[in-house]
Amino acid sequence: MNQVWFRQFVWIDYRLALLFLVFIPLILIIWAFVQKAEGMQRLLTIYWRVSSLLAITIYLMIAQYPVSFISAWMARILIPISLWFWVDINDEIDYQASTPLKLVFTSWRWGVSIYSILGAIALVPFLGCAISPTAINTPYCQVWFQAPLMFKQYFHYNSTPGFLGFLGIVSLIIYVVYLTYFVLVKLAKQGRSAAQQ
């Protein structure tokens, strides 16, 4: 797998994902609670709900399920939508006084949006890994499983990939059911207002 020319870029992507999609938003949500910035708190709570699809994807990739490529791609699309969709939250954040929290939050929001969009574009060529039964076994697709397998070694050493994949599939089903309910029922009732989230 070391002969795959883009292997280094895949590992850079995983590292950037940890920074932009886990560590910084974790710091921001704690900071927002301390500063009592309710709009940011609500938006970050929505972000964590949506971005949980990335955590599900890691478990699907540990089991090397082809659907993991689709869930990874969808997460990259849903994250920027979740950060900019809500009119009431956008207005609330815009009207807040300029503070270091607002500056860092706004910078992160733009950075994550650009990173996610570029990531979604970069993943398009790999969607074939989800469709072709033979492609999934090629180094071209297998390189994406290296970081999730390392995650398994650190955090789930005694668990089998099949069991972790089962947890991923169950979580994915719950995620899709909730997302479908939200889009078809809640969104139809409240539109682009997050007030009832």
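Presented here is a report on the structure given in the accompanying data block. (Residues numbered from 1 in each chain as written. Predicted model: local features only at pLDDT ≥ 70, side-chain atom pairs only at ≥ 80, totals over all residues. Heavy atoms only, no water.)

## As for the side chain of S116
- Its place among the elements puts S116 in helix α5 (residues 100–123).
- Setting aside anything within four residues of it in sequence, one finds S116 in contact with L21, R76, I79 and P80. (Helix = DSSP H or I, 4+ residues; strand = E, 2+ residues; numbered from the N terminus. Contact = heavy atoms within 4.5 Å.)

## So, the side chain of R109
- As for its placement among the helices and strands, R109 is situated in helix α5.
- Buried charge without a partner: R109 forms no salt bridge, and the closest opposite charge is D94, 5.3 Å away.
- In terms of polar contacts, R109 uses its side chain to reach the side chain of N90, at 2.2 Å.
- Leaving out residues up to four positions away in the same chain, R109 has contacts with L43, L83, W84, N90 and I93. (Buried < 20%, exposed > 50% of the residue type's maximum accessible area, 1.4 Å probe, protein only. Lys, Arg positive; Asp, Glu negative; His and termini not counted. Salt bridge = Lys/Arg side-chain N within 4 Å of Asp/Glu carboxyl O. Polar contact = N/O pair within 3.5 Å; in protein donor to acceptor, adjacent residues only side chain to side chain.)

## Considerations on the nonpolar core
- Among the nonpolar cores identified, the biggest contains 31 residues, and L21, I79, F105 and W108 are the most heavily contacted of them.
- Put simply, the parts of the chain that give this core at least two residues each are α1 (7–35), α2 (38–62), α3 (67–84), α4 (87–95), α5 and α9 (161–190).
- Top element by residues in this core is α2. It accounts for 10 residues.
- When sequence neighbours within four positions are dropped, the list of residues in contact with W108 reads F20, I24, P25, L28, L44, Y47 and L83.
- Core analysis: the next-biggest nonpolar cluster, separate from the first, contains 18 residues, V4, M61, V143 and W144 among them. (Core = buried A, V, L, I, M, F, W, Y, C linked by side-chain atoms within 4.5 Å.)

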